[in-house]
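Listed below are the residues making up each chain.
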Amino acid sequence: MRRLGSVQQKIQCVFVTEVKEETSRKRDGQHYQVVATETVNPVALEANIDCSIATEKLDGTCCYITVFEGRPHLWARLDRKPNKQAEKRFRKYQHSHRSCKGFTWNVEEDFKAVPDTWIPAHRVKHANGHPLPDEHGHIPGWVPVQKNNKQYCWHSSVVDHKSGTALVLRPSADDGDSLEIAAVPLEDLMEQTLELIGTNVNGNPYEVGSRKHPVHCLVSHGSLEVRNAPPVDFQQLRSWFQECPEGRVEGIVWHCNDGTLIKVHRHHLGLRWPDGDTRLASRPLVVHVDTPLDEHGASEDLFACFSRLNGHIFGRMRDVEFDP
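All residue numbers here refer to positions counted from 1 along the written sequence of the relevant chain. The model is predicted, so local features are restricted to residues of pLDDT at least 70 and side-chain atom pairs to those at 80 or more, both for listing and for counting; the totals for chains, interfaces and linings are taken over all residues. In computing side-chain values, all of the structure's heavy atoms are included and hydrogens and water are not.

**Q** Quick one: what's the story with helix α2 (residues 84-97), residue by residue and with numbers?
**A** Strands are runs of DSSP state E lasting at least two residues, helices are runs of H or I lasting at least four, and both sets are numbered from the N terminus onward. To estimate the expected span of a helix, count its residues, drop one, and scale the result by 1.5 Å. If you check α2, its first and last C-alpha atoms are 20 Å apart, about what 14 residues at 1.5 Å a residue would give, namely 20 Å. Where α2 ends, the next residue or the one after it, R98, has phi of about 55°, a positive value.

**Q** Lay out the packing of aromatic side chains in plain terms, naming residues and giving numbers.
**A** Classification of ring pairs rests on two measures: the distance between centres of Phe, Tyr or Trp rings, Trp counted by its six-membered ring, which must be within 6.5 Å, and the angle between planes, read as stacked under 30 degrees, edge-to-face over 60 and tilted in between. Taken as a whole and judged by the stated rule, the model has 11 aromatic pairs. Ring geometry for W105 versus F111: centroids 5.0 Å apart, planes at 45°, classification tilted. For the pair W105 and F111, one class covers both residues: buried. Linked through ring pairs, F90, Y93, F103, W105 and F111 together constitute an aromatic cluster. When the ring centre of W142 is taken as reference, the NZ or CZ atom of R77 above it lies at 5.7 Å. Only protein chains enter the area calculation, which uses a 1.4 Å probe; residues under 20% of their type maximum are buried, those over 50% are exposed, and those in between are partly exposed. Remark: a charge is flagged as sitting over a ring if the NZ atom of Lys or the CZ atom of Arg is within 6 Å of the ring centre and within 35 degrees of the ring normal.

**Q** So what about a positive patch on the surface? Which residues, and what values?
**A** Only residues whose relative accessible area exceeds 30% and that take part in no salt bridge are eligible for patches, with like-charged residues grouped when within 9 Å of each other and nonpolar side chains (Val, Leu, Ile, Met, Phe, Trp, Tyr) grouped when within 5 Å. Here, Shrake-Rupley sampling with a 1.4 Å probe gives the accessible areas, and only protein chains in the shown set may cover a residue. In the sections that follow, a salt bridge refers to a side-chain nitrogen of Lys or Arg positioned within 4 Å of a carboxyl oxygen of Asp or Glu. For the purpose of charge, His is not counted, nor are the chain termini; Lys and Arg are scored as positive and Asp and Glu as negative. The atoms used to mark charge sites are NZ of Lys, CZ of Arg, CG of Asp and CD of Glu. Together, K10, K81, K84 and K112 make up a region of like positive charge exposed at the surface. A relative accessible area of 78% means that K84 is categorised as exposed.

**Q** Can you tell me about the pairing of strand β13 (residues 179-185), naming the residues and giving the values?
**A** A large share of β13 lies buried, amounting to five of its seven residues. Strand pairing is defined by DSSP finding a minimum of two bridges between the two strands. Examined bridge by bridge, strand β12 (residues 165-171) and β13 share seven bridges and lie antiparallel to one another. Note on β13: the bridge partner recorded for T165 is P185. As paired elements, β13 and strand β18 (residues 285-288) share four bridges and run parallel to each other. Its bridge partner lying in β18, I181 is registered against V287.

Okay, structure coming up:
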């Protein structure tokens, strides 16, 4: 399988979208929602989406592997957002014009401060040396995950910077339907974006781990292909999500040959998420984490816990459990 695109900007919906003044099914407290029309987005047509690779859209938080202080390192997504006054001005303009086109930002004054280590995502546009916000008023970017930062403790749990490895969930090479969790060198993941999923991320839609024994892992974007994906047609996609076992996913991300990424989320189609058992949580899982236990001693970190289960096969990913 060819190397697929990384997530370095907001991904457009495969259909033209519109904003409806109704309570969001996706975000609590949001009094509008973005829904898809039945018209295919011209960007998808230009990128020749019919020749793309369809992959599972994962419900987690985005991460990035690149160099920090001379070594491969895990970075967390941190979008630079407007301050309250600028946000209010932007929303007022957007509401009155039904669009954000023509709105002018003062990048130096309108945005909240970010850590000195923050970097803008690769596909962010620049003007006069400053990164520019996208149509949502955000500047996508990254900050390095540092062990003493409690805000990113679950990110830290999936990386062992001493050995330079990360806990990665991926398709098993031995069985097309099974997954494996493995300790993968960060060097092998350089310049990839991944999704952090698990117990304490987005309400744990995959039902893994527990409060006492949380489980988290990284999944490379594009690594979970969707088999027999439906055509890009509103009604056929909606039926697929509702009726097919493979459709028990949050959404689809299409990786086009020119590097363009296009997505559809169940919420775009008026469908709930999660809605019963998820496809990912129901797949068999084999543990391939053979980090020497003496490196971790009596540690209860994830690497040590998975090392004790090395070679173990679970009937479903959601059944992973460590000894009490």
